[in-house]
Amino acid sequence: MRKPIMAGNWKLNKTPNETIVFVEEIKPLLAGLNDVEIVICPPFTSINVATYLTKNTNIKIGAQNLFWEKSGAFTGEVSGDMLKELGCEYVIVGHSERRQYFGETDQTVNKKVFAAFAASLTPIVCVGETLQEREADKVEQALSAQIREGLQGLNAKDHGKIVIAYEPVWAIGTGRTATPAQASEAHGLIRGLLGEIFGEAAQSIRIQYGGSVKPDNVKELMAQSDIDGALIGGAALKADSFEKLVKYK
Ligand code: PGA
């Protein structure tokens with residue numbers, strides 16, 4: 001049985017003060033809800049206040065990125081241990097915006113995934129095809145390269161808690177969502193690829209869907225058997241909307 005995981009990816013939004021307002025608003029709305037795992041991924045500068053305010057609640061905090069080295073002369077970077085010490089439990093790795101604007105590749109994703117596990121953080125690894133790849137009928141090829149190279153060297157025993165987010169690039173922030181059938185097909189494909197790496201344990205790995213998830217489409221997406229949660233951008237920024245997403249049932 002895979003416990004659904006609903007995660008808000010705030011991207012470059014909310015100052016520490018705005019984070020306080022959001023967290024204080026959402027905490028009572030989600031109190032006592034335990035059949036869904038709830039994660040919020042604020043910017044680095046809001047993590048401290050977010051973990052402090054959500055201590056002993058059902059809300060977990062994640063980061064949006066990390067660097068693979070533990071320390072050293074890497075100006076502007078943040079390590080897994082630094083995030084862990086702040087109380088993070090999750091970290092997003094390889095989001096398509098990082099691949100697109102910051103030069104991330106399947107190779108850097110792979111290093112970051114290992115760095116996350118080394119710091120006892122659970123990576124949420126993002127994969128997804130571009131519109132060009134979908135139109136050229138290359139969805140399987142794109143996902144297979146991202147999974148095989150990004151997750152190379154992992155094994156079920158040490159890395160079985162990984163979370164995958166399937167985010168078709170053409171659906172992110174565009175208002176265009178994959179149909180439940182399209183998402184379902186991709187999730188099935190991904191689970192098959194995970195099987196090559198993790199064997200039977202692939203059945204317990206959670207695969208989130210991401211890309212314009214909103215309160216009005218979350219239910220039918222979540223009804224698909226291989227969709228185990230959502231990674232939500234825009235619609236996770238307002239407490240009432242995030243509440244509806246978490247309570248999709
Ligand atoms: P969106 O973003 O929900 O705003 O499309 C999702 C994501 O990028 O994780």
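All values reported here derive from a predicted model rather than from experimental measurement.

Engineer: For this particular structure, what's the right way to read the overall build of the chain?
Structural biologist: From N to C terminus, the chain includes eleven helices and eight strands. Projecting the C-alpha coordinates of the chain onto the three principal axes gives extents of approximately 45 × 45 × 35 Å. Looking at the chain residue by residue over its 249 residues, the buried ones come to 53%. Looking at the chain alone, contacts between residues at least 24 apart form 73% of all its contacts between residues at least 6 apart. Summing over all exposed atoms, the chain offers an accessible surface of approximately 11400 Å²; the carbon and sulfur share of this is 51%.

Engineer: Even after reading the chapter, I still don't get helix α2 (residues 44–54), so can you show me in this structure?
Structural biologist: Think of an α-helix as 3.6 residues a turn; residues three or four steps apart then line up on the same face. Turning to α2, its buried residues number three or more, namely Ser46, Ile47, Val49, Ala50, Thr51, Leu53 and Thr54. Next to the buried residues of α2 lie α1 (16–30), β3 (59–63) and α3 (80–85). Phi turns positive one or two residues past the end of α2, at Asn56, with a value near 60°.

Engineer: Quick question: what am I supposed to make of the site of the ligand here?
Structural biologist: Around the ligand lies a shell of 13 residues, among which Lys11, His95, Glu167, Gly173 and Ser212 are the nearest. Here an oxygen atom of the ligand and a side-chain polar atom of Lys11 are 2.8 Å apart. Contact distances for the ligand include 2.7 Å between an oxygen atom and a backbone N or O atom of Gly173. For the ligand, the protein covers 95% of the area, taking 280 Å² as the surface of the free molecule.

Engineer: Help me understand the nonpolar core, please; the structure alone is not making it clear to me.
Structural biologist: Proteins that are soluble and globular tend to have nonpolar side chains buried together. Among the nonpolar cores identified, the biggest contains 67 residues, and Ile162, Ile164, Leu194 and Phe242 are the most heavily contacted of them. In this structure, Ile5, Ala7, Ile92 and Leu231 belong to the second largest nonpolar core, which totals eleven residues.

Engineer: How should the environment of Leu231 be read in this particular structure?
Structural biologist: With respect to the element layout, Leu231 can be found in strand β8 (residues 229–232). Counting along the chain gives 107 residues from Leu231 to Ile124, while the straight-line C-alpha distance between them is 9.2 Å. Leu231 has contacts with Ala7, Asn9, Ile92, Ile124, Cys126, Ala165, Glu167, Gln208, Tyr209, Gly210 and Gly211, leaving out every residue within four places of it along the chain.

Reading guide: rules and limits
Residues numbered from 1 in each chain as written. Predicted model: local features only at pLDDT ≥ 70, side-chain atom pairs only at ≥ 80, totals over all residues. Heavy atoms only, no water. Helix = DSSP H or I, 4+ residues; strand = E, 2+ residues; numbered from the N terminus. Buried < 20%, exposed > 50% of the residue type's maximum accessible area, 1.4 Å probe, protein only. Contact = heavy atoms within 4.5 Å. Areas by Shrake-Rupley, 256 points an atom, 1.4 Å probe, with all protein chains shown as cover. Near = heavy atom within 4 Å. Polar contact = N/O pair within 3.5 Å; in protein donor to acceptor, adjacent residues only side chain to side chain. Core = buried A, V, L, I, M, F, W, Y, C linked by side-chain atoms within 4.5 Å.

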